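Residues per chain are reported as follows:
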Amino acid sequence: QEMMTMIIISKLLFHSVLIVLTLFLFHQVHCDAFSDQGHSRGHSCGHGKVAKLGANPSTSTVRVRHNQKQHSIFGKNNSNNIQHEHRVSLSFPTCGESGGSLSAIPLGLSGGAGAGAGANAGAVIFNNAPFNLSTGIFAAANGLGLLISLCTGSHLHLDLIGTGAFALAALPNLLSMNTNTNTRILLSSGAVIIWASKLASFLFYRALKVHTDVRLEDTLNSTSGTIVFWMISLLWGIICSLPHTLGTTSSSPGSSSRIALVVGTVVYALGLATETRADYEKWMFKKDESNVGKFCNRGLWSVSQHPNFFGNLLLWSGILIMNFDSLISVPTQPINIKNERGGGYGMTIASAKAILGSWRAWASFLSPMFMWALFYGQSSGSITNAVELAMKKYGGPKSSYGDYVKTVPLIIPRFVGWIKCLFSFSF
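The sections below set out a description of the structure shown in this document. This one's a predicted model, so the numbers in the text were calculated from it and none came from an experiment.

Calculation notes
Residues numbered from 1 in each chain as written. Predicted model: local features only at pLDDT ≥ 70, side-chain atom pairs only at ≥ 80, totals over all residues. Heavy atoms only, no water. Salt bridge = Lys/Arg side-chain N within 4 Å of Asp/Glu carboxyl O. Helix = DSSP H or I, 4+ residues; strand = E, 2+ residues; numbered from the N terminus. Core = buried A, V, L, I, M, F, W, Y, C linked by side-chain atoms within 4.5 Å. Buried < 20%, exposed > 50% of the residue type's maximum accessible area, 1.4 Å probe, protein only. Contact = heavy atoms within 4.5 Å. Axes fitted to C-alpha atoms, helices over the stretch in contact; angles between N-to-C directions. Parallel < 35°, antiparallel > 145°, perpendicular 65-115°, else oblique. Left-handed = near helix turned anticlockwise from the far one by under 90°. Nonpolar A, V, L, I, M, F, W, Y, C, P; charged D, E, K, R; others polar. Polar contact = N/O pair within 3.5 Å; in protein donor to acceptor, adjacent residues only side chain to side chain.

**Some remarks on the pattern of salt bridges**
Line of reasoning, step 1. Applying the stated rule across the entire model yields 3 salt bridges.
Line of reasoning, step 2. Ionic pairing is found between Arg277 and Glu281, a salt bridge with its closest N-O pair at 2.9 Å. With Arg277 and Glu281 both in helix 8 (residues 259–287), this residue pair falls 4 residues apart, about one helical turn.

Structure representation (C-alpha cells):
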C-alpha cells in the first residue's frame with residue numbers, strides 16, 4: 001500500500017514537471033521564431049527599439065532608443081515626447097532571456113536589481129541563472145540525503161535535509177544582498193528561509209524524539225523505496241518552490257504600488273502562524289499521556305482536520321502573490337485589438353509575445369495546485385489509507401471521531417473560527 005502511494009505521488013510530480021518543461025520549450029520555440037526578425041529590424045528590449053550596428057550576431061554595439069513622456073532631465077520635467085539614445089555593448093539574450101549573468105548590461109536595462117536611474121519600469125529582463133542554481137542545490141541536497149540513507153540505513157535526516165533544502169536554495173539571494181538588490185526577491189527569499197528553517201528544525205527534533213515514522217517504514221526498508229522517496233523529495237522541492245525560484249529570475253521589483261508585496265506578506269504571515277500553531281498544538285497534545293489513544297480536536301484542530309496543510313497552502317500562496325506580477329511580460333509595443341478589416345478583435349505580435357513570455361507566471365501556479373491535489377488526496381483517503389486506519393484506531397464511523405470527520409472541514413476552516421483559534425491565547 002505504501003509503495004502504491006509513493007508511485008501515485010511520483011506520477012503526479014512527473015506530470016507536473018512535464019507541464020513546466022512543455023511551457024518552457026513552447027516559449028523557446030516562440031523566441032526562435034522571432035529572433036531573426038528581432039535582430040534584423042531592431043530587437044525589442046523594454047526601453048524601446050534596439051538597432052543593431054555590429055556584424056557579430058551574438059555580441060554587438062547597439063543603439064537603444066525610446067520615447068517617453070514626463071521624463072525627468074537634470075531635475076526638470078519635460079512633457080514632450082523625447083527620443084533618448086544610448087550606445088552600449090551587450091550580448092543579446094533572445095526574447096529577454098538570459099542563462100547567465102546580466103551584469104554586463106549597463107544603464108539599468110533590466111529594470112530591477114542593479115537597474116540604473118533611467119531604467120524603464122516596464123522593461124523586464126529574465127535571467128535563468130538563479131533558478132538553475134536553486135535546482136542544483138535541491139538536487140545536491142536530496143542526493144546527499146539518498147546517500148546517507150543508503151549508507152547508514154538511518155532516516156532521521158529525512159525532513160532535516162528534504163525541508164532544509166528550501167532554505168539552502170533561497171540562501172544565495174540573501175548572501176548577494178547589496179544596495180541594488182531587488183526588495184521583492186529579498187523578501188521572498190527571507191520568507192522561504194524562515195519557513196524552511198522553522199519546519200526542518202521542528203521535524204528533525206520530532207524525529208529525534210520519536211525515532212521512527214511508521215508511515216514510511218515499509219517504503220524505506222527497501223533500496224528501491226528509498227530511491228523513490230528521495231526522487232519525490234527532489235521533485236517536491238522544485239515544484240513547491242516555483243513561486244519563489246521563478247520569481248528570482250525576474251528583474252522586475254513588482255507593482256509600483258507595492259500592494260502585491262504587502263498582501264503577499266500578510267497572507268504568508270497568516271499561513272506561517274497557522275502551520276506553526278497547528279504543529280505545536282498537536283505536539284503538546286500527544287506529549288500529554290492522558291491523551292493516549294485520543295485524536296486531537298483542540299485549537300485549530302477543532303476547526304480543520306488538517307490545519308497544518310491549510311497553513312502550508314496559505315504561506316506559499318502568499319509567496320506566489322509577492323512574485324506573480326513580476327513574472328508577467330509587459331508588451332513593448334502598443335496592443336492593437338482590432339484586426340486588419342477593422343472589425344472584431346485580434347492580437348498583435350507584441351501582445352502574443354507578451355502572453356507567451358509570461359509562461360513563468362502560469363507555471364508558478366503549479367505549486368499551490370499540486371499541493372492542494374496532494375493534501376486533499378492524503379486527507380480524504382483517495383491516495384492513502386490514512387483515513388481508514390484513523391477510523392479504525394479511534395472507534396469507527398459512529399464514534400466521536402466519526403462525528404468529527406463529518407462536521408469539521410477537511411482542510412480549509414471557516415474564517416471566523418480560524419481567526420478566533422489562531423489569535424487565541426489558550427493552548
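After presenting the structure, the write-up continues.
**Focus: the nonpolar core**
Line of reasoning, step 1. Counting residues in hydrophobic clusters, the biggest one holds 54 residues, and the most contacted among them are Phe166, Trp195, Tyr268, Leu300 and Trp316.
Line of reasoning, step 2. Aside from chain neighbours lying at most four places away, what touches Trp195 is Thr163, Phe166, Tyr268, Leu272, Glu275, Asn312, Leu315 and Trp316.
Line of reasoning, step 3. Ranked by size, the runner-up nonpolar core spans 13 residues in total, among them Phe126, Ala361, Phe370 and Leu374.

**Brief notes about the packing of helix 4 (residues 183–210) against helix 9 (residues 307–324)**
Line of reasoning, step 1. The interhelical angle for the contact between helix 4 and helix 9, taken along N-to-C directions, is 165 degrees, at an axis separation of 9 Å. Considering their axes alone, helix 4 and helix 9 lie roughly antiparallel with respect to each other. The way helix 4 lies across helix 9 gives a crossing that is left-handed. Listed contacts from helix 9 to Arg184, Leu187, Ser188, Ala191, Val192 and Trp195 of helix 4 are Asn312, Leu315, Trp316, Ile319, Met322 and Asn323.
Line of reasoning, step 2. The residue inventory of the contact of helix 4 with helix 9, partitioned by class, reads 8 nonpolar, 3 polar and 1 charged.

**Quick look at the side chain of Asn323**
Line of reasoning, step 1. For Asn323, the location among the structural elements is in helix 9.
Line of reasoning, step 2. Under the relative-accessibility criterion, Asn323 is labelled buried at 1%.
Line of reasoning, step 3. Side chain to side chain, Asn323 and Ser188 meet in a polar contact 3.1 Å long.
Line of reasoning, step 4. Side-chain polar atoms of Asn323 contact the backbone oxygen of Ile319, separated by 2.9 Å.

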